[in-house]
Amino acid sequence: MAVTSRILYCHCAYAQVVPKSVKEEVLQQLTASGAAFDAVPDLCEMSAKSDPSLRQLAEGGTVKIAACYPRAVKWLFAAGGTPLPAEGVQILNMRTETAESVVQGLLTGGAAEAQG
């Protein structure tokens, strides 16, 4: 039986570091896919405020995260008081990858660790 990964999409609303066209296309394709996903306005803000939702996201099992650099996302969770687990997390970088590549990573395959 295949394990279904949860999907987390960060809109990077405040930092404005992810190309607008990429994040909008990823969000549009995720919505059109019918896949269940969680969307948050900004992981940076959540980390700065030590938002308790970070714990639920980090401890909820296998997760794929569409955000920015994997090292930054890991740091944000750790700074927010809830480090991501060493396994079962895949971070897709909307700053450097195409929307198509990010969506494909979110909707297919396992949860191998992304580098960054």
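An account of the accompanying structure is given in this report. (Residues numbered from 1 in each chain as written. Predicted model: local features only at pLDDT ≥ 70, side-chain atom pairs only at ≥ 80, totals over all residues. Heavy atoms only, no water.)

1. Concerning the overall build of the protein chain
Right, on to step 1. In terms of helices and strands, the protein chain carries 5 helices and 4 strands.
Right, on to step 2. Reading the protein chain from its N end, one meets helices and strands in the order β-α-β-α-α-β-α-β-α.
Right, on to step 3. For 116 residues, the compact-globule estimate of 2.2 N^0.38 gives 13 Å, and the C-alpha radius of gyration of the protein chain, at 13 Å, lies within 12% of that figure.
Right, on to step 4. Its C-alpha atoms give the protein chain principal-axis dimensions of about 40 × 30 × 25 Å.
Right, on to step 5. Put simply, the protein chain has 116 residues, and 38% of those count as buried.
Right, on to step 6. If you sum the accessible surface of the protein chain, you get close to 6200 Å²; carbon and sulfur atoms cover 54% of it.
Right, on to step 7. Across the protein chain, the 9 positively charged side chains and the 11 negatively charged ones have centroids separated by 4 Å. (Helix = DSSP H or I, 4+ residues; strand = E, 2+ residues; numbered from the N terminus. Rg over C-alpha atoms; globule rule 2.2 N^0.38 Å. Buried < 20%, exposed > 50% of the residue type's maximum accessible area, 1.4 Å probe, protein only. Areas by Shrake-Rupley, 256 points an atom, 1.4 Å probe, with all protein chains shown as cover. Lys, Arg positive; Asp, Glu negative; His and termini not counted. Charge placed at Lys NZ, Arg CZ, Asp CG, Glu CD.)

2. As for the pattern of salt bridges
Right, on to step 1. For the coordinates displayed, the defined rule picks out 3 salt bridges.
Right, on to step 2. The salt bridge involving K49 is made with E45; its shortest N-O contact spans 3.2 Å.
Right, on to step 3. When the shortest N-O distance is used, the salt bridge between R55 and E59 registers 2.8 Å. Placement of the pair is R55 and E59 together in helix α3 (residues 53–59), with a separation of 4 residues, close to one helical turn.
Right, on to step 4. Classification of R55 as partly exposed rests on a relative accessible area of 40%. (Salt bridge = Lys/Arg side-chain N within 4 Å of Asp/Glu carboxyl O.)

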